[in-house]
Amino acid sequence: MGAAEPKRLGVMGGTFDPIHAGHLVTAEEALWQFRLDEVLFVPTGRPWMKEGRDVAAPEHRYLMTVIATASNPRFSVSRIEVEREGPTYTVETLQELRRTAEEHIELFFITGADAMLEIFQWKDPEEVLSEAHFIAATRPGYDIARFEKEAPTSHPNVSVMTIPALAISSTDIRRRVREGEPIRYLVPEGVQAYIEKAGLYRGGR
Ligand code: ATP
Ligand code: MG
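Now for a quick tour of the structure. (Residues numbered from 1 in each chain as written. Chains lettered and ligands numbered in written order. Predicted model: local features only at pLDDT ≥ 70, side-chain atom pairs only at ≥ 80, totals over all residues. Heavy atoms only, no water.)

### A look at the overall build of the protein chain
Scanning the protein chain from N- to C-terminus turns up eight helices and six strands. Reading the secondary structure of the protein chain in the N-to-C direction produces β-α-β-α-β-α-β-α-α-β-α-β-α-α. Seen through its C-alpha atoms, the protein chain measures out along the principal axes to roughly 55 × 40 × 35 Å. Residue burial in the protein chain is summarised as follows: out of 205 residues, 47% are buried. Long-range contacts, defined as pairs at least 24 residues apart, comprise 74% of the intrachain contacts of the protein chain with a sequence gap of at least 6. Accessible surface computed for the protein chain: about 10900 Å², of which carbon and sulfur atoms make up 50%. Treating the 24 positive side-chain charges of the protein chain as one cloud and the 31 negative ones as another, the clouds have centres 5 Å apart. (Helix = DSSP H or I, 4+ residues; strand = E, 2+ residues; numbered from the N terminus. Buried < 20%, exposed > 50% of the residue type's maximum accessible area, 1.4 Å probe, protein only. Contact = heavy atoms within 4.5 Å. Areas by Shrake-Rupley, 256 points an atom, 1.4 Å probe, with all protein chains shown as cover. Lys, Arg positive; Asp, Glu negative; His and termini not counted. Charge placed at Lys NZ, Arg CZ, Asp CG, Glu CD.)

And the structure:
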């Protein structure tokens, strides 16, 4: 028997505080545009880029991500970063996923263009790019010209993906909850219910 085609695994990392329609549309679009077999959502543990503001407990963010993705047979959620002590780095997560995979996999890291630039500011781009194909989603309000200039978009392992514009951010959702504005349809119904039940984002920042 010849070698089977590697499984095309999308990895969508994020704080998911909370997960919203922008994340879900981006993952679904990557699934479609890059013929992925599956997308694995990886909520961060203690996010090292977001120090200076309170982030909801990893368990809350993990559960909201599970609720949001439960109805999609091609979406699943990993506890890999939630359970890791200390700061999390994309490269380490990609390496661990490859090491623990039961089959031959091809990795596609799905990220907003903004988040992609952050990754390359912190780590050697060549090392990061050797781990996965990077799919950078253009996010509304994001200066794509700057991205083209600063990110290695000409690298064979980088693709820019245009998604239907959704100017949704977790920051805005948290603000809405705090100020009593609606979040219905910006997040899945179950996530909205979870936020209310757990009393998330009501006070402080
Ligand atoms: P925050 O406002 O707290 O930074 P966020 O909305 O940016 O939250 P993250 O969890 O930081 O959400 O993002 C996870 C990934 O999803 C990042 O790669 C980010 O660029 C991408 N992303 C977030 N919102 C959108 C959106 N509306 N469209 C496309 N990509 C998005
Ligand atoms: Mg963000």
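Anyway, onward from the coordinates.
### Brief notes about the pairing of strand β6 (residues 158-162)
Relative to β6, strand β5 (residues 133-138) is paired through five bridges, and the arrangement is parallel. When the bridges of β6 are listed, Phe134 appears paired with Val158. A crossover links β5 with its parallel partner β6, the connecting element being helix α6 (residues 144-150), and its sense is right-handed. (Pairing = 2+ DSSP bridges. Right-handed = clockwise from strand over helix to strand, strands pointing away.)

### A short note on the sheet that holds β5
Strand order in the open sheet formed by six strands is β3-β2-β1-β4-β5-β6, with parallel pairing between adjacent strands. Bordering the open sheet on either side are β3 (75-77) and β6, each of which pairs with just one other strand. Mean inter-strand twist for the sheet, computed between neighbouring axes without regard to direction, equals 30°. Across three bridges, the pairing between strand β2 (residues 38-43) and β3 is parallel. (Axes fitted to C-alpha atoms, helices over the stretch in contact; angles between N-to-C directions.)

### Focus: the nonpolar core
Formed by 35 residues in total, the largest nonpolar core has its most connected members in Ile19, Leu36, Val39, Phe41, Met64 and Ile195. Elements that contribute at least two residues to this core include exactly α1 (21-33), β2, α2 (58-69), β3, β4 (105-112), β5, α7 (170-179) and α8 (189-198). Sort the elements by how many residues they give to this core and α1 lands first, with five residues. Not counting residues within four places of it along the chain, the set of residues in contact with Val39 comprises Gly10, Met12, Ala27, Leu31, Arg74, Phe75, Ser76 and Ile110. (Core = buried A, V, L, I, M, F, W, Y, C linked by side-chain atoms within 4.5 Å.)

### Focus on the pairing of strand β1 (residues 7-14)
The element β1 is largely enclosed, with a buried count of seven among its eight residues. When β1 meets β4, the two strands line up parallel, connected through six bridges. Paired with Gly10 across the two strands is Phe108, which belongs to β4. As defined by bridge partners, β1 adjoins β2 across six bridges and the pair is classed as parallel. Paired with Gly13 across the bridge in β2 is Val42. Read as a crossover between parallel neighbours, the route from β1 over α1 to β2 is right-handed.

### With respect to unusual backbone geometry
Between Asp17 and Pro18 the backbone carries a cis peptide bond, its omega angle lying at 0°. Summarising the element assignment, Pro18 is placed in the loop between β1 and α1. Of note in this structure, Arg35 is not a glycine but carries a positive phi near 45°. Counting through the fold element by element, Arg35 comes out in the loop between α1 and β2. Here the phi dihedral of Tyr185 falls at roughly 75°; this positive angle occurs in a residue that is not glycine. Relative to the helices and strands, Tyr185 resides in the loop between α7 and α8.

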